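Fold and geometry: a report
Chain residues, written in single-letter form:
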Amino acid sequence: MNLDFTLDKYKKICQAVIDAGYEIMTVRKYLQTTNPISDYAILRHDVDRNPGNAQKMARLENRLGLASTYYFRYTRNVFKSDIIKNIASMGHEIGYHYETLSKTNGNFEKAIEVFKNELAEFRKICEVNTISMHGKPFSKWDNRELWSKYDFTDLDLIGEAYLSIDYDKVQYFCDTGRTWDSKKYNIRDHVKQDDSFEIDKTDELISLLFSKTKSSVCISSHPNRWADSNAEWFGSYLSDWLINRIKLGISLCK
Ligand SMILES: [Zn+2]
């Protein structure tokens, strides 16, 4: 059975970016590179749940000689210092997946204080230079709005994955909703972009990577979605199916 969203399928994405000749980058490296030598592929992951899956994905990339960026939420089930340190030791970048406007119900003053405290907890265990907002689908707060009032560079951060990448030059692909089609089910994890590619399955993404229709790409994935056993795959499938139905309900109500 050709199941999508398995770790084996993710490995095929990695092999595609290698074989198609992209220069593979973390978000930090992208922001620090002024003149990339070729088309590049930025690989990033938002660790929303199941940090153990992130560790498996990080090992897989490491075996292929790749380094990517892992954004961890600061929650009891995700902020696991041993796992974070282990992933950093493989050469991957660790970033902070913040959601402090949601956590403080839109109170900007409290949100920036919580942000500083959580960032400090990350920096006790590893270097953090970049951040990405957690697009909490059922919260009315867009966590990126924090930067309409504050400046993350004041906190020794060089970039925010949704705000600092030039998406006019980099085609953005995200697995939210268990599809690569950004128009479906994607309430928050989107960027401002002319969405000229409507692809659904990972095999279609792989074909597109080889065709190099767009010169540089950013591939954003959630490790909890990518299963390495049938039982895990069905659990992840059911969870995505349920969330997609609820999101569909929310967008129909708008
Ligand atoms: Zn997230």
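Look a little higher up for the structure.
In this text the structure is predicted, and so the values were computed from the model without any measurement.

**Some words on the packing of helix H1 (residues 7–19) against helix H3 (residues 51–63)**
Interhelical geometry of H1 versus H3 gives an angle of 40° and a closest axis separation of 11 Å. For H1 against H3, the interelement crossing comes out right-handed. Counting all contacts with H1, which are made through Leu 7, Tyr 10, Lys 11 and Cys 14, the residues of H3 involved are Lys 56, Met 57, Leu 60 and Glu 61. Tallied by class, the residues present in the contact of H1 with H3 amount to 5 nonpolar, no polar and 3 charged.

**Side note on the nonpolar core**
Formed by 52 residues in total, the largest nonpolar core has its most connected members in Ala 41, Ile 42, Tyr 70, Phe 72, Tyr 96, Phe 173 and Ile 219. Leave out the neighbours within four places in its chain, and Tyr 70 touches His 45, Val 47, Ala 54, Ala 58, Ile 87, His 92, Ile 94 and Gly 95.

**Brief notes about the pairing of strand S5 (residues 130–133)**
Side-chain alternation along S5 places Thr 130 and Ser 132 on one buried face and Ile 131 and Met 133 on a second face that is also buried. With 2 bridges connecting them, S5 and strand S6 (residues 159–160) associate as parallel partners. Paired with Ile 131 across the two strands is Glu 160, which belongs to S6.

**Overview of unusual backbone geometry**
The phi torsion of most residues other than glycine is negative, and most of the peptide bonds are trans. The phi dihedral of Asp 156 is positive, around 60°, even though this residue is not glycine. As for its placement among the helices and strands, Asp 156 is situated in the loop between S5 and S6. Despite not being glycine, Arg 178 has its phi angle at roughly 65°, a positive value. On the basis of neighbour counts, which here come to 21 C-beta atoms within 10 Å, the residue Arg 178 falls in the buried class.

**Topic: the environment of Ser 132**
Position of Ser 132 relative to the elements: it lies in strand S5. A residue is classified by how many C-beta atoms lie within 10 Å of it, and Ser 132, with 25 of them, is buried. With residues up to four places along the chain from it excluded, the contact list for Ser 132 reads Asp 46, Tyr 71, Gly 95, His 97, Glu 160, Ala 161 and Tyr 162.

Here is what the cut-offs are and how they apply
The residue count restarts for each chain, going from 1 along the sequence in the order it is written. Note on the predicted model: pLDDT of at least 70 is required for a residue's local features to be given, and 80 or more for side-chain atom pairs to be given and counted; whole-chain, interface and lining totals, by contrast, use all residues. Angles here are taken between N-to-C directions and fall from 0 to 180 degrees, while the axes themselves are lines fitted to C-alpha atoms, restricted in helices to the stretch in contact. Strands here mean DSSP runs of E at least two residues long; helices mean DSSP runs of H or I at least four residues long; both are numbered from the N terminus. Rotating anticlockwise by less than a right angle from the far helix to the near helix defines a left-handed crossing, while the corresponding clockwise rotation defines a right-handed one. The contact rule is simple: place each C-beta atom from the backbone, and if two of them lie within 7 Å, those residues are in contact. Think of it as three bins: nonpolar holds Ala, Val, Leu, Ile, Met, Phe, Trp, Tyr, Cys and Pro, charged holds Asp, Glu, Lys and Arg, and polar takes everything else, Gly as well. By convention the nonpolar core is taken to be a set of buried residues drawn from Ala, Val, Leu, Ile, Met, Phe, Trp, Tyr and Cys and joined through C-beta atoms within 7 Å. Burial in this document is a count-based property: other C-beta atoms within 10 Å of a residue's C-beta are tallied, and the residue is buried at 20 or more, exposed at 12 or fewer, or partly exposed in between, with C-beta positions derived from the backbone. Any two strands with at least two DSSP bridges between them are considered paired.

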